[in-house]
Amino acid sequence: MTFEGKKICLDNDIFLNDTADWKYWGKYSFAQQWTPIGDWYDEFCGDFDGQGHTVYGMYRSWEESWVEQYVGLFGYVGNSSVAPTIERVGVEASVLSVNNTNYVGLLVGDLDNGTVSQCYASEIINGRGVNHAGGLIGILGYNSGRDNCGSVIDCYARLEGDVIYYSRYSDGVHMGGLIGCAFYPTSSITNCYASGDVVSRLTMFSTVNNGCGLIVNRTDNDDSSKDITVTSSYYN
């Protein structure tokens, strides 16, 4: 179900798990697994208004040998014809402990099209073989095929402790404090910030480390006349 044409409002804070020992999830204890909203087959295409509330206790673990994609509270958001909105929601006391995973962000794994505004995330992300990962959004506009694939406005990510990514891919990793990687031109990041430490480590399989970005690590755009715009945004 894509929720296209629907608006979902959050009336209260939500606790997906008891958060008493949340920082130990994936290491010494585990919690109930979260299934991201939206994937490649059924992207989220509705409008979501958190109304200032917070989602606590999200946990996702992946230890399989095959690759998982689109991990976050929302996995895959928008498409070439629909531009959803996600606004006024926070994600706290949550852990993504994933291996062999692409497009990882605590709020959105892949924002293909649409707007995220007045949102924040505070989390731990650990993994091996993780690529395109950010504190708030993993990747921006990867499949949209539009000149304007999305906007991120008035958002922040507060990273608790080290956020460590390991890559087994030959092209290294793309990770950012706020957004891991941004594709396609004329998208915008406005009045956003990220704080905390972002650390990448290589394995024996990695030949190039594309490293860490503070707000966004990498932008892919072959047309220099069309640039992704970052305004009034910083890393602390």
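Residues numbered from 1 in each chain as written. Predicted model: local features only at pLDDT ≥ 70, side-chain atom pairs only at ≥ 80, totals over all residues. Heavy atoms only, no water.

Novice: Would you take a moment to explain the overall build of the protein chain for this structure?
Specialist: The helix and strand inventory of the protein chain stands at 0 helices and 21 strands. Here the protein chain, with 236 residues, has 56% of them falling under the buried criterion. Within the structure as shown, the protein chain displays about 10200 Å² of accessible surface, and the carbon and sulfur contribution to it stands at 46%. (Helix = DSSP H or I, 4+ residues; strand = E, 2+ residues; numbered from the N terminus. Buried < 20%, exposed > 50% of the residue type's maximum accessible area, 1.4 Å probe, protein only. Areas by Shrake-Rupley, 256 points an atom, 1.4 Å probe, with all protein chains shown as cover.)

Novice: Would you mind going over the layout of surface pockets with me for this structure?
Specialist: Take a probe with the size of a water molecule and roll it over the atoms, and the empty space left behind shows itself. Approximately 200 Å³ is the volume attributed to the largest pocket. Around the largest pocket, the lining comprises 13 residues; the ones closest to its centre are Ile8, Trp34, Ile37, Phe48 and Phe74. Mapped by element, the contributors of at least two residues to the lining of the largest pocket are β1 (7–9) and β3 (47–56). Broken down by class, the residue content of the lining of the largest pocket amounts to 13 nonpolar, no polar and no charged. (1 Å grid on protein atoms, 1.4 Å probe; cavity = no way out; pocket = protein on both sides within 12 Å on 5 of 7 lines; lining within 4 Å. Points joined across faces, edges and corners; volume = space filled by probe spheres on them. Nonpolar A, V, L, I, M, F, W, Y, C, P; charged D, E, K, R; others polar.)

Novice: Would you mind going over the packing of aromatic side chains with me for this structure?
Specialist: Two numbers describe a pair of aromatic rings. These are the distance of the centres and the angle of the planes. Within this structure, the stated rule accounts for 10 aromatic pairs. Consider the rings of Trp40 and Tyr76, whose centres lie 5.9 Å apart with planes at 85 degrees: the pair is edge-to-face. Remark: Tyr76 occurs in strand β6 (residues 74–77) and Trp40 occurs in the loop between β2 (14–15) and β3; sequence separation between them is 36 residues. A relative accessible area of 47% means that Trp40 is categorised as partly exposed. A network of ring pairs unites the aromatic residues Phe3, Phe44, Phe48 and Phe74 as a single cluster. (Phe/Tyr/Trp six-rings, centres within 6.5 Å; stacked < 30°, edge-to-face > 60°.)

Novice: Can you walk me through the side chain of Thr54 in this structure?
Specialist: Looking at the secondary structure, you find Thr54 in strand β3. Assessed through its relative accessible area of 6%, Thr54 is described here as buried. Within the structure, the side chain of Thr54 is placed 3.1 Å from the side chain of Tyr120, a separation counted as a polar contact. Ignoring anything within four residues of it in the chain, the contact list for Thr54 reads Asp13, Ile14, Gly90, Val91, Glu92 and Tyr120. (Polar contact = N/O pair within 3.5 Å; in protein donor to acceptor, adjacent residues only side chain to side chain. Contact = heavy atoms within 4.5 Å.)

Novice: It is not clear to me how the pairing of strand β7 (residues 85–105) should be interpreted in this structure. Could you clarify?
Specialist: Residues in a regular strand project their side chains so that they alternate between the two faces of the sheet. For β7, a buried count of 17 out of 21 residues is recorded, marking the element as mostly surrounded by other parts of the structure. Pairing of β3 with β7 involves 7 bridges; the strand directions are parallel. Bridge assignment links Asp49 to a residue of β7, and that residue is Glu87. Pairing of strand β4 (residues 59–62) with β7 involves 4 bridges; the strand directions are parallel. (Pairing = 2+ DSSP bridges.)

Novice: How do you make sense of the pattern of salt bridges when you look at a structure like this?
Specialist: Two side chains carrying opposite charge are able to pair once their charged atoms lie near each other. Across all of its chains, the model carries 2 salt bridges by this definition. Across the pair Arg88 and Asp49 runs a salt bridge whose closest N-O atoms are separated by 2.6 Å. One end of the pair, Arg88, is in strand β7; the other, Asp49, is in strand β3, and 39 residues separate them in sequence. The exposure class of Arg88 is partly exposed, given its relative accessible area of 32%. (Salt bridge = Lys/Arg side-chain N within 4 Å of Asp/Glu carboxyl O.)

Novice: Whenever I open this one, the confidence of the model for the protein chain confuses me. Can you help?
Specialist: A low pLDDT means the predicted coordinates there should not be read in detail. In the predicted model, the protein chain carries a mean pLDDT of 79, and 69% of its residues have values of at least 70. Throughout residues 203–209 the model reports pLDDT below 50, and contacts reaching past four residues in sequence, or to other chains, amount to 19 contacts. (pLDDT = per-residue confidence, 0-100.)

Novice: It is not clear to me how the nonpolar core should be interpreted in this structure. Could you clarify?
Specialist: Generally speaking, soluble globular proteins have nonpolar side chains that are buried together. Of all hydrophobic cores here, the largest spans 41 residues; its most connected members are Ile86, Leu107, Val108, Val116 and Leu136. Secondary structure elements with two or more residues in this core: β3, β6, β7, β8 (108–111), β10 (120–134), β11 (137–140), β13 (156–167) and β15 (179–183). It is β7 that provides the largest number of residues to this core, a total of 6 residues. In terms of nonpolar packing, the next biggest core, distinct from the first, is built from 8 residues, Trp22, Tyr56, Ala93 and Val95 among them. (Core = buried A, V, L, I, M, F, W, Y, C linked by side-chain atoms within 4.5 Å.)

Novice: In this structure, what is going on with the environment of Leu136? I would like to understand it.
Specialist: Looking at where Leu136 falls in the secondary structure, it is placed in the loop between β10 and β11. Judged by relative accessible area, Leu136 falls into the buried class, the value being 0%. Along the chain, Leu136 and Gly176 lie 40 residues apart, while their C-alpha atoms are 8.9 Å from each other. Excluding residues within four positions of it along the chain, Leu136 makes contact with Gly105, Leu106, Leu107, Val108, Tyr120, Ala121, Val152, Cys155, Tyr156, Ala157, Gly177 and Leu178.

Novice: Quick question: what am I supposed to make of the environment of Gly72 here?
Specialist: Looking at the secondary structure, you find Gly72 in the loop between β5 (68–71) and β6. Taking C-alpha positions, Gly72 is 8.4 Å from Thr35, a pair spaced 37 residues apart along the chain. Setting aside residues no more than four positions away along its own chain, Gly72 makes contact with Trp34, Pro36, Met58, Gly105, Leu106 and Leu107.

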